[in-house]
Protein chains: 2
Amino acid sequence: MTTDGARSRRQIRHRAEIGAVLRDSSEFLGAQRIHAELRRRDVPIGLTTVYRAMQALAEEGAVDATRTATGEQVYRYCSPRHHHHLMCRDCARVVEVEGPAIEQWTTAIARQHGFAQVNHSVELLGTCPDCAAAR
Amino acid sequence: MTTDGARSRRQIRHRAEIGAVLRDSSEFLGAQRIHAELRRRDVPIGLTTVYRAMQALAEEGAVDATRTATGEQVYRYCSPRHHHHLMCRDCARVVEVEGPAIEQWTTAIARQHGFAQVNHSVELLGTCPDCAAAR
DNA sequence: ATAGATGCAAACGATTTGCAGTCTG
DNA sequence: CAGACTGCAAATCGTTTGCATCTAT
């Protein structure tokens, strides 16, 4: 558990560096890529430590985690606003969309079935205007 | 490639059996579980073949594929009716829900961003009444 | 005989864990 | 000094692939 606030200087530094890497990227990054990037930035850190840090950060809710189609775990800096993604299946362009309608629907369905603390994940996949035109 | 329609008796049998297993389950199943279930039903088939069959079926769009939180690939019979799942995070109970609201929202978002042929997947995760009471 | 299908075992790649050495308070 | 942190190497685990064999045509 990382419940206790006692964190070493080194760990704090690591977290800050990881945060910087994530913030510098608009896309989701896997532990391996984060590690490679840190190494490129001359941050001495082991791959294992990156994995462990990412687990902790995800558990704390400091980063968002998902999986790619190939099954690797990827993370992104936790954006303050709750939103969903509309991705182009051809060029992988991502548009962030917000959905008050979805949020309400989710709540309604949850109540309807007596479920509590319901989270939802929505992924939209389509063909963007550019790629559609390029057909 | 499974592009040619030439399929052996055995392969046809395998597909039928896999289809039966999927149809008998309302939830997503991984290749390993499908294999175990087939074995339990005395269907002689190797794990490798199940993996290969699932890949082919998914590619053809005969089954829906996703990944669990732990990264395993899971499949479900492509249901004729489009619906979503509300799963209990404690007991894993699954409730199928339909959502005209979602379907409309999806279409609206797609049009709004000029995206075409938009698919959507929605997963709801919460605590069911029973598990909430057992707290 | 020939092309595809099958399955065992080995290979893989991402992630996790055992454990000994290091750092921090 | 005691406990937390680190990282190497080895272990896992789901999945894929090499290859020899079997099947149906």
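Residues numbered from 1 in each chain as written. Chains lettered and ligands numbered in written order. Predicted model: local features only at pLDDT ≥ 70, side-chain atom pairs only at ≥ 80, totals over all residues. Heavy atoms only, no water.

- In the annotation of an unreviewed UniProt entry, chain A is listed under the name Fur family ferric uptake transcriptional regulator and assigned to Catenuloplanes indicus.
- Quoted straight from UniProt, the Subcellular location (unreviewed entry) entry for chain A says "Cytoplasm".
- Comment text from UniProt for chain A, heading Subunit (unreviewed entry), reads "Homodimer." (UniProt positions renumbered as here; feature names shortened; annotations may be inferred.)

**Side note on helix H3 (residues 47-60) of chain A**
Residues and elements named next belong to chain A.
Point 1. An ideal rise of 1.5 Å per residue puts 20 Å on 14 residues; H3 measures up with 20 Å between its terminal C-alpha atoms.
Point 2. Residues of H3 that are buried: Val50, Ala53, Met54, Ala56 and Leu57. When H3 is viewed along its axis, its buried side chains cluster within an angular range of 165° and face the same direction. Relative to its buried face, H3 has exposed residues pointing more than 90 degrees away, namely Arg52, Gln55 and Glu59.
Point 3. On its buried face, H3 sits against helix H1 (9-24), helix H2 (31-40), strand S2 (63-67) and strand S3 (73-77).
Point 4. One or two residues past the end of H3 sits Gly61, with phi positive at roughly 85°. (Helix = DSSP H or I, 4+ residues; strand = E, 2+ residues; numbered from the N terminus. Expected span 1.5 Å × (residues − 1). Buried < 20%, exposed > 50% of the residue type's maximum accessible area, 1.4 Å probe, protein only. Arc of directions from axis to C-beta. Contact = heavy atoms within 4.5 Å.)

**Re the UniProt feature "binding site: Fe cation" (unreviewed entry) in chain A**
Point 1. As annotated by UniProt and renumbered to match this structure, "binding site: Fe cation" (unreviewed entry) occupies His82(A), Glu103(A) and His120(A). The greatest C-alpha distance among the annotated residues, which extend across 39 residues, is 10.7 Å, indicating that they converge on a single site.
Point 2. Following the sequence through the fold, His82(A) ends up in the loop between S3 and strand S4 (84-88).
Point 3. Owing to a relative accessible area of 43%, His82(A) belongs among the partly exposed residues under this scheme.
Point 4. Excluding anything up to four places from it in sequence, His82(A) contacts Glu98(A), Glu103(A) and His120(A).
Point 5. Among the secondary structure elements, His120(A) is positioned in strand S6 (residues 116-127).
Point 6. What His120(A) contacts, discounting residues up to four positions off in sequence, is His82(A), His84(A), Ile102(A), Glu103(A), Thr106(A), Glu123(B) and Leu124(B).
Point 7. Of note is the side chain of His120(A), whose polar atom sits 3.3 Å from the side chain of His84(A). (Polar contact = N/O pair within 3.5 Å; in protein donor to acceptor, adjacent residues only side chain to side chain.)

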